[in-house]
Amino acid sequence: MQKSLQTQAGAGAAPPGRRFLLKGGIAATGATLLGAAAARAAAQPDAPPAAPPADPDWSRSLGPGVDDRPYGQPSHFEKDVIRRNVPWLTAGTQSSVSFTPLQHQDGIITANGLFFERYHAGRPTVDPAQHRLMIHGMVDRPLLLDIEDLRRFPSESRIHFIECPANGGMEWRGAQLNSLQFTHGMIGCAEWTGVRLSTLFGETGIKPGAAWVLAEGADGAHMDRSIPLAKCLDDCMVIYGQNGEALRPEQGYPMRLLVPGWQGNINVKWLRRLQIGTQPWFTREETAQYTESMPDGMARAFTWAIYAKSVVTFPCPERPMKGAGLYEIRGLAWSGNGRISRVDISTDGGITWRPATLQPPVLSKALTRFTAEWRWDGKPAMVQSRAVDETGFVQPTIAQLRAIRGTSPIYNNNSIQTWQVKADGSVFNVQLS
Amino acid sequence: MSSFPDRTTAALVIALGVLGAVRAIAGGTQAAAPPDAQTAATQHADLAAIAPVSKGEDELVGHYGYGAVPTAQQIEGWSIAVQPDGTGLPPGHGSVSQGADIFASQCAACHGTFGEGEGRYPKLASDSKLTDEHPVKAVGNFWPYATTVWDYINRAMPFPAPHSLSPDEVYAVTAYVLNLNNLVGDDFVADRTTLPKVVMPNRFGFILRDPRPDTHDVACMSDCRKPSDIHITSSAEHVGLTPRTTGPLDEMEPK
């Protein structure tokens, strides 16, 4: 009896704990009723056993108590919603990337456990009690701060996306990955809490003639990038909080740099050093890497800003259509140069467009949600979104980008994504002429 | 060598990986200067434009008084960044032949004896032209400064034990990597004065001022394209490179 209860109502539910098993006998009567209800529901072929009029087991029993999960987790039915990597992309997983499952992101905030990872030497385990941030170079008073010192400074919280400029980098030569997660998942958006660099640099003072800042991490890569001082003073922050809790180790615990709107790797994680100087350092990560090769052999460096970009998150290859009818197209748009001012939708491959609705909040340098009603006639379609930001910049097509930048830039692919919807509802990543 | 090769590059990398122990560079001087006339003067002007010089700030120094002032020794210990003029390079030196020995024991397992790269590990030497359809970018044909080679090896290599080499050892393997790329002779000794002087063929191959926006799409709303002009140029449908997006993490290794 207990066995049939589990197979009927408990299939896929949490493995029964001790208390759950104790209740088995009590719930047994319920199972009989449920069985009868299931028989009645047989007239409705698709109705699961717990559908009305049945009162399912979870409604007729006690669940685990408040001490069961001191740190919460998603429902285990969501077990497929995880960061995923592309094993063939890199030599190993320590200098590699995992992708946010955008196909399951409802809203503009990326869950901390799903926020994409990009490591250059794996994820270090940094002891916050021993970690220090050093600010030195062209300052009046060099500073050594621990996490407690940092937390005493005036704090601010801001919602910003962070995107790796290699997001979409595998698609320059053609459509390769049939998945929203893998074509667009090197992005996440969070509420970040920390201290403005302008506050910290006010505390150290800045010597006249300073123009550049080197940010360096405490990971094995000692990841480092040069940033104009002006950008640092404008809106950069040292972050210790992420979506209401301590910054995650994957994101740089105990502290990281936030460089709003600029490519991800500059937002140095496990931040340990800020050096102020007159010239950039021309680190390997801003010369050999994170530069874009153009058809004439020249490479663009210091292409920091993320230009306006958007993608339809439903439908997408992972979330196909289920028959003709009325749907809400959903998606995300963002720009490192300010607010998204509009997003247009096309379902015919870019012949006609209509405005989508922007869902508040519409924040500068943050993911912005858009929606549009779509009555699908069940015929093949080409679904696209096109973002425009407050600077007036219009998201380009891949053909437009390629005409100028060729096929070898790797980085900064902000092109319009085309999802091919077939008559059976399946969705594929394609590129158009 | 990029960390994010596209499929074709990845295939190329794997294909070239087995070509193995041939000196990657045929010898002689490097390819001609890149077409666009970047010079020290234009780069200097570009840098000034993208990072304006500060007049300084001193009104609020020490206002909060939190934290400590690091000692000179603490600052020195963490100041590992090296600049193109050699600022930041420590005393010490190392020769190509010393570097060959260290490289064989500490680097070759991943990068190949002659920098040709094992499997998908980066190649450290390349003579491909940057205008090639699939350029292999490495120290010799892409890196603008020899000092950056020292800096990067010192801070990040050997990959499993970063920052474990002594300055002399870093000088030596740097000399060896430069020699593999035919940038210095067999008798080269790297130190804080010789490294900044190494002539790097791609020194002026970088545009430092972001030329974007370089696309000028307009938000056309109707009759934007002729239907007959639109066709699918590529589809990921049958490419077979997508890891699964449900179930446990994929371990696919496509051929």
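Because the structure is a prediction, the values reported are computed rather than measured. (Residues numbered from 1 in each chain as written. Chains lettered and ligands numbered in written order. Predicted model: local features only at pLDDT ≥ 70, side-chain atom pairs only at ≥ 80, totals over all residues. Heavy atoms only, no water.)

## Digging into the nonpolar core
At step 1: Phe201(A), Leu178(B) and Leu195(B) are the most contacted members of the largest nonpolar core, which has 90 residues in total.
At step 2: Tallying contributions element by element places helix 7 (residues 167-180) of chain B first for this core, with 9 residues.
At step 3: Excluding anything up to four places from it in sequence, Phe201(A) contacts Ile135(A), Ile206(A), Val213(A), Leu229(A), Cys232(A), Leu233(A), Leu274(A) and Ile276(A).
At step 4: Residues Ile187(A), Ala333(A), Trp334(A) and Val427(A) belong to the second largest nonpolar core, which totals 33 residues. (Core = buried A, V, L, I, M, F, W, Y, C linked by side-chain atoms within 4.5 Å. Buried < 20%, exposed > 50% of the residue type's maximum accessible area, 1.4 Å probe, protein only. Helix = DSSP H or I, 4+ residues; strand = E, 2+ residues; numbered from the N terminus. Contact = heavy atoms within 4.5 Å.)

## Considering the environment of Pro135(B)
At step 1: Relative to the assigned elements, Pro135(B) resides in the loop between helix 5 (108-111) and helix 6 (146-156).
At step 2: In sequence terms Pro135(B) and Ser228(B) are 93 residues apart; their C-alpha atoms lie 35 Å from each other.
At step 3: Residues contacting Pro135(B), with those up to four places away along its chain left out, are Ser408(A), Ser128(B), Lys129(B) and Leu130(B).

## A look at the UniProt feature "domain: Oxidoreductase molybdopterin-binding" (unreviewed entry) in chain A
At step 1: Those places that UniProt annotates as "domain: Oxidoreductase molybdopterin-binding" (unreviewed entry) correspond, in this numbering, to residues 120-280 of chain A.
At step 2: Taken end to end, residues 120-280 of chain A comprises 16% helix and 34% strand; its first and last C-alpha atoms sit 21 Å apart. (UniProt positions renumbered as here; feature names shortened; annotations may be inferred.)

## Section: the pairing of strand 24 (residues 427-432) of chain A
All names here are of chain A.
At step 1: Within strand 24, 6 of the 6 residues are buried, which leaves the element mostly enclosed by the surrounding structure.
At step 2: Neither face of strand 24 is open: one carries Val 427, Asn 429 and Gln 431, the other Phe 428, Val 430 and Leu 432, and all of them are buried.
At step 3: Strand direction decides the pairing type here: strand 23 (residues 418-421) and strand 24, joined by 4 bridges, are antiparallel. What sits directly across from Val 421, in strand 24, is Val 427.
At step 4: In this antiparallel pair of consecutive strands, strand 23 and strand 24, the connection spans 5 residues, and Gly 425 shows a positive phi of 95 degrees. (Pairing = 2+ DSSP bridges.)

## Digging into the interface of chain B and chain A
Accessible area lost during the coming together of the parts is what is often quoted as the interface size.
At step 1: Every contact between the two is made by 110 residues of chain B and, on the other side, 127 residues of chain A.
At step 2: Where chain B abuts chain A, roughly 9,900 Å² becomes buried across the two surfaces, and 59% of that area is made up of carbon and sulfur atoms.
At step 3: Across the contact surface, chain B and chain A share 6 salt bridges.
At step 4: Linking Arg173(A) and Glu133(B) is a salt bridge whose minimum nitrogen-to-oxygen distance equals 3.1 Å.
At step 5: The tally of links from chain B across to chain A stands at 48 residue pairs in polar contact (both at pLDDT 80 or more).
At step 6: Counting residues per element, the ones that place at least two in the side of chain B that touches chain A are helix 1 (7-17), helix 2 (40-50), helix 3 (72-78), helix 6, strand 3 (206-207) and strand 4 (232-235) of chain B.
At step 7: Residues belonging to the side of chain B that touches chain A are distributed by class as follows: 57 nonpolar, 30 polar and 23 charged.
At step 8: Of the pairings in the sheet, the one linking strand 24 of chain A to strand 4 of chain B comprises 3 bridges and is antiparallel in character. The partner of Gln431(A) across the bridge, within strand 4 of chain B, is Ser234(B). (Buried area = accessible area lost by both parts, 1.4 Å probe. Salt bridge = Lys/Arg side-chain N within 4 Å of Asp/Glu carboxyl O. Polar contact = N/O pair within 3.5 Å; in protein donor to acceptor, adjacent residues only side chain to side chain. Nonpolar A, V, L, I, M, F, W, Y, C, P; charged D, E, K, R; others polar.)

## A look at the packing of aromatic side chains
At step 1: Applying the stated criterion to the full structure yields 21 aromatic pairs over all chains.
At step 2: Consider the rings of Tyr290(A) and Tyr411(A), whose centres lie 5.1 Å apart with planes at 35 degrees: the pair is tilted. Here the residue Tyr290(A) occupies a position in the loop between strand 13 (271-277) and strand 14 (292-293), and Tyr411(A) occupies one in the loop between helix 8 (398-405) and strand 23, the gap between them amounting to 121 residues. The pair Tyr290(A) / Tyr411(A) is uniform in exposure class, with both members buried.
At step 3: Note on Tyr64(B) and Tyr66(B): the rings are 5.6 Å apart at their centroids and 40 degrees apart in plane angle, and the pair reads as tilted.
At step 4: Judged by relative accessible area, Tyr64(B) falls into the partly exposed class, the value being 28%.
At step 5: Between Arg272(A) and the ring centre of Trp78(B), over which it is positioned, the NZ or CZ distance is 4.1 Å. (Phe/Tyr/Trp six-rings, centres within 6.5 Å; stacked < 30°, edge-to-face > 60°. Lys NZ or Arg CZ within 6 Å of the ring centre and 35° of its normal.)

## Description of helix 6 of chain B
At step 1: Most of helix 6 of chain B is tucked away: 11 of the 11 residues are buried.
At step 2: Within helix 6 of chain B the residues assigned to the buried category are Ala146(B), Thr147(B), Thr148(B), Val149(B), Trp150(B), Asp151(B), Tyr152(B), Ile153(B), Asn154(B), Arg155(B) and Ala156(B).
At step 3: Buried positions along helix 6 of chain B lie against strand 8 (212-217) and strand 9 (224-228) of chain A together with helix 7 of chain B.

## As for the pattern of salt bridges
At step 1: Evaluation of the coordinates by the stated rule reveals 28 salt bridges over all chains.
At step 2: Here Glu216(A) makes a salt bridge to Arg272(A), at a shortest N to O gap of 4.0 Å. With Glu216(A) in strand 8 and Arg272(A) in strand 13, this residue pair connects regions lying 56 residues apart in the sequence.
At step 3: Residue classification places Arg272(A) among the buried positions, given a relative accessible area of 11%.
At step 4: Between Arg284(A) and Glu285(A) there is a salt bridge, and its shortest N-O distance comes to 2.9 Å.
At step 5: For Glu285(A), a relative accessible area of 3% corresponds to the buried category.
At step 6: In this structure, a network of salt bridges that share partners links the residues Glu216(A), Asp224(A), Arg272(A), Arg273(A), Asp151(B) and Arg155(B).

## Some words on helix 8 of chain A
Residue and element names in this part refer to chain A.
At step 1: Burial in helix 8 covers these residues: Ile 398, Leu 401 and Arg 405. Seen end-on, helix 8 carries its buried residues on one side only, within an arc spanning 65 degrees.
At step 2: Summarising the contacts, the buried residues of helix 8 are in contact with strand 14, strand 15 (299-300) and strand 24.
At step 3: Downstream of helix 8 by a residue or two, Gly 406 has a phi angle that is positive, lying close to 75 degrees. (Arc of directions from axis to C-beta.)

## Digging into the sheet that holds strand 18 (residues 340-346) of chain A
At step 1: Spatially, 6 strands are ordered 19(A)-18(A)-22(A)-23(A)-24(A)-4(B) in an open sheet, and the strand pairing comes out antiparallel. Edge positions in the open sheet fall to strand 19 (354-355) of chain A together with strand 4 of chain B, since each of these has one partner strand only.

## Here's the deal with the domain arrangement of chain A
All names here are of chain A.
At step 1: Once the domains are mapped, chain A shows domain 1 (93-300) and domain 2 (309-432).
At step 2: When each unit is reduced to the centre of its C-alpha atoms, the spacing between domain 1 and domain 2 is 27 Å.
At step 3: Across the contact, 43 residues belong to domain 1 and 41 residues belong to domain 2.
At step 4: Carbon and sulfur atoms make up 57% of the surface buried where domain 1 meets domain 2, a total of about 3,500 Å² over both sides. (Domains from an automatic or database assignment.)

## Re the packing of helix 4 (residues 96-106) of chain B against helix 7 of chain B
In helix packing, the relevant descriptors are the interaxial angle and the interaxial distance, both defined with respect to the helix axes.
Residue and element names in this part refer to chain B.
At step 1: Running from N to C, helix 4 and helix 7 cross one another at 95 degrees; their axes reach a closest spacing of 7 Å. When the axes of helix 4 and helix 7 are compared, the pair comes out roughly perpendicular. Contact with helix 4, carried on its side by Val 96, Gln 98, Gly 99, Ala 100, Ile 102 and Phe 103, involves Glu 169, Ala 172, Val 173, Ala 175, Tyr 176, Val 177 and Asn 179 of helix 7 and no other residues of that element.
At step 2: Of the residues belonging to the contact of helix 4 with helix 7, the class tally is 9 nonpolar, 3 polar and 1 charged. (Axes fitted to C-alpha atoms, helices over the stretch in contact; angles between N-to-C directions. Parallel < 35°, antiparallel > 145°, perpendicular 65-115°, else oblique.)

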